[in-house]
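# Examination of the molecular architecture
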Amino acid sequence: MPMPTPQPGIMEIDLYQGGDSSVPGVADVVKLSSNENPLGPPPSAVEAARRAAADMHLYPSTDHRSLREAIAETYDLDPDRIVCGVGSDEILHLLAQAFAGPGDEVLHTEHGFLMYPIVARAAGATPVQAPEAMRRVDVAALLDRATDATALTFVANPANPTGTTISAQDINRLANGLPGLLVLDGAYAEYAEDAALKLAEARDDVVVTRTFSKAYGLGGMRVGWAYGPRAVIDVLNRIRGPFNLSTVALAAAEAAVRDRDRLRETVETNARLRSELTRGLVGLGLEVDQSEANFVLARFASEAEAAACDAHLRSLGVIVRHPRAYGFPEGLRITVGDEEGVRRVLDGIASFRAAQEAAA
Ligand SMILES: *Cc1c(COP(=O)(O)O)cnc(C)c1O
């Protein structure tokens, strides 16, 4: 029997690699590889999830009304222009499935999030990369790569894995100049100034995606959402699973978005410890751009040096991300941990440097 043939493009997808969470033989591990919230989940969300678990025999809400209204109140939005997904990853997939197909191009930047080419290929479309300028989204380069075939453009702001941002003005230029739908991925928007929702409010060709996985501390619950034109939200609602979000996940996310104190604490702690981490890394001779997110990208002299430092950190139970697949073989992306996490990664790199000097 011949092997069933998948749709064109699917076998060209490189399997997405998440951040590791364990090191064989090392018990005391700090995970700084997936940009999770080092404070843990909001206690309010854990409590709401526990209560909701008593109803797990019932199908969940299909319209997510209660969560959409909580999001709309919090961000001053129209609840009818919100759609919720299984992480923002699901929404990226739905956008590609709905708006891009064979013959269409999906534009993203050189060091953009790896899900963009994955969702493009899954939909049979062709991913197209625009170069970045000094590890920053380059508006002119994106506009230059756009063609009549450009159906979708994905831009993360702040960007992952660089942590850099572009201005509201630049985003406006993109929206004005690009054909098709512009998707502004706001996975880290809570940590920075965010003009994207305002822009989406005013336009019929811009969608903003957001997530509960990062600043809201609910990566394991898998909840994301998007804000966009009514017509686009209507399309996504037609193709998403009617029960895509569980009762427990919906309850946790609603509690988290209403817990403004917890978000403030997360953002303030992150800003303080990010400065400390950045200063420490620069002091150890690494190149680090100003990050507006909950991670920093540290650049070494070479790929070999980054790999050696990564291995040394792992031996100490410190797991960071070596972003080779993002075009940074010489880099390590380090999530801003709690006080102890920041201390352990800086101590680990310091001992790596000391060993290097001893060997030289
Ligand atoms: C983490 C991340 C996401 C989405 O994560 P979900 O958990 O699926 O919501 C989206 N975009 C970027 C750039 C990210 O780093």
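Throughout this document, residue positions are counted from 1 along each chain, in the order its sequence is written. Per-residue local features of the predicted model are confined to residues with pLDDT of at least 70, and side-chain atom pairs are confined, for both listing and counting, to 80 or more; whole-chain, interface and lining totals are unaffected and use all residues. Side-chain metrics in this entry use all non-hydrogen atoms of the structure; hydrogen atoms and water are not considered.

Moving on: the site of the ligand. Only heavy atoms are used to decide nearness, and a residue is near a molecule or strand if one of them lies within 4 Å of it. Taken together, Gly87, Ser88, Asp89, Phe113, Asn160, Asp185, Ala187, Tyr188, Thr211, Ser213, Lys214 and Arg222 are the residues near the ligand. Taking aspartate 185, its side chain carries an N or O atom lying 2.6 Å from a nitrogen atom of the ligand. Calculation on the ligand without its partners gives an accessible area of 390 Å², and the protein chains cover 93% of this total. Runs of H or I in DSSP of at least four residues are treated as helices and runs of E of at least two as strands, each being numbered from the N terminus. Top element by residues in the shell around the ligand is helix H3 (residues 87-99). It accounts for three residues. Each residue gets one of three labels, nonpolar for Ala, Val, Leu, Ile, Met, Phe, Trp, Tyr, Cys and Pro, charged for Asp, Glu, Lys and Arg, and polar for the others, Gly among them. Along the lines of polarity and charge, the residues of the shell around the ligand split into three nonpolar, five polar and four charged. We call two N or O atoms a polar contact when they sit within 3.5 Å, provided that within protein one can donate a hydrogen and the other can accept it, with sequence-adjacent residues counted only if both atoms are side-chain atoms. Every accessible area reported is derived by Shrake-Rupley at a probe size of 1.4 Å, with residue values counting cover from the shown protein chains alone.

If you check the domain split of the chain, you get domain 1 (19-40 + 261-359) and domain 2 (43-258). Each domain's extent was defined by an automatic or database domain assignment. Spacing between the C-alpha centres of domain 1 and domain 2 amounts to 26 Å. Taken together, the contacts link 24 residues of domain 1 with 23 residues of domain 2. Of the roughly 2,000 Å² buried between domain 1 and domain 2, counting both surfaces, carbon and sulfur atoms make up 61%. Taken as a group, Leu263, Glu292 and Tyr326 account for 30% of the area that domain 1 buries against domain 2, more than any other trio of residues on that side. We define a salt bridge as a side-chain nitrogen of Lys or Arg found within 4 Å of a carboxyl oxygen belonging to Asp or Glu. Across the contact surface, domain 1 and domain 2 share one salt bridge. With a closest N to O distance of 2.5 Å, arginine 135 and aspartate 289 form a salt bridge. At the boundary of domain 1 and domain 2, one finds seven residue pairs in polar contact (both at pLDDT 80 or more). Breaking the side of domain 1 that touches domain 2 down by element, the ones donating at least two residues are helix H10 (260-283) and strand E10 (295-299). The greatest single-element share of the side of domain 1 that touches domain 2, amounting to five residues, is contributed by H10. Any two residues having at least one pair of non-hydrogen atoms within 4.5 Å are treated as being in contact. Throughout, the accessible surface (probe 1.4 Å) given up by two parts as they are put together, summed over both, is called the buried area.

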